[in-house]
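The residues making up each chain are set out below.
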Amino acid sequence: MDELNGKLIACQILITGLIARVANEQRDPLRFLTEFRDEIRAVVNGVNIAGMDNSDRVRAVARKTVDELFSLMKPPSSD
């Protein structure tokens, strides 16, 4: 389980770095990050989670993960 967690953390770091790199190439990086975060949150809210008794909990964890990724670059959302 520790190996899996380590791989997931490494993947999150890689994704965060890629997002930051793209944002730095934009004219307005903060606006890009805000819009991109909102798009990702919309995907998390709309994705179909099958086979789970409590998909709301899975969705909440996914939203928290998205906010954690973006908190490295900007403050987390309040919604």
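From a predicted model like this one, the values you see are computed outputs, not experimental measurements.

*Asks:* Lay out the nonpolar core with the relevant residues and their values.
*Replies:* Ranked by size, the top nonpolar core spans seven residues in total: Ile19, Ala23, Leu33, Val44, Val66, Leu69 and Phe70. Sorting the residues of this core by element identifies helix 1 (2–24), helix 2 (29–46) and helix 3 (55–71) as the ones contributing at least two each. Considering every element that reaches this core, the biggest residue donor is helix 3, with three residues. In contact with leucine 69, not counting residues within four places along its chain, are Gln12 and Thr16.

*Asks:* Any details on the environment of valine 47? Residues and values, ideally.
*Replies:* Structurally, valine 47 can be placed in the loop between helix 2 and helix 3. In sequence terms valine 47 and arginine 59 are 12 residues apart; their C-alpha atoms lie 8.8 Å from each other.

*Asks:* Explain the confidence of the model for the chain to me, and be specific about the residues and the numbers.
*Replies:* Taken over all residues, the pLDDT of the chain has a mean of 80, while the share at 70 or more is 87%. Of all the helices and strands in the chain, helix 1 carries the lowest mean pLDDT, 79, while helix 2 carries the highest, 86.

*Asks:* Lay out the pattern of salt bridges with the relevant residues and their values.
*Replies:* Under the defined criterion, the tally for this structure stands at five salt bridges. Glutamate 35 serves as the salt-bridge partner of arginine 31, at 2.9 Å between the closest nitrogen and oxygen. Here arginine 31 and its partner glutamate 35 are both found in helix 2, four residues apart, which amounts to about one turn of the helix. Classification of glutamate 35 as partly exposed rests on a relative accessible area of 40%.

Cut-offs used in this document
Residues numbered from 1 in each chain as written. Predicted model: local features only at pLDDT ≥ 70, side-chain atom pairs only at ≥ 80, totals over all residues. Heavy atoms only, no water. Core = buried A, V, L, I, M, F, W, Y, C linked by side-chain atoms within 4.5 Å. Buried < 20%, exposed > 50% of the residue type's maximum accessible area, 1.4 Å probe, protein only. Helix = DSSP H or I, 4+ residues; strand = E, 2+ residues; numbered from the N terminus. Contact = heavy atoms within 4.5 Å. pLDDT = per-residue confidence, 0-100. Salt bridge = Lys/Arg side-chain N within 4 Å of Asp/Glu carboxyl O.

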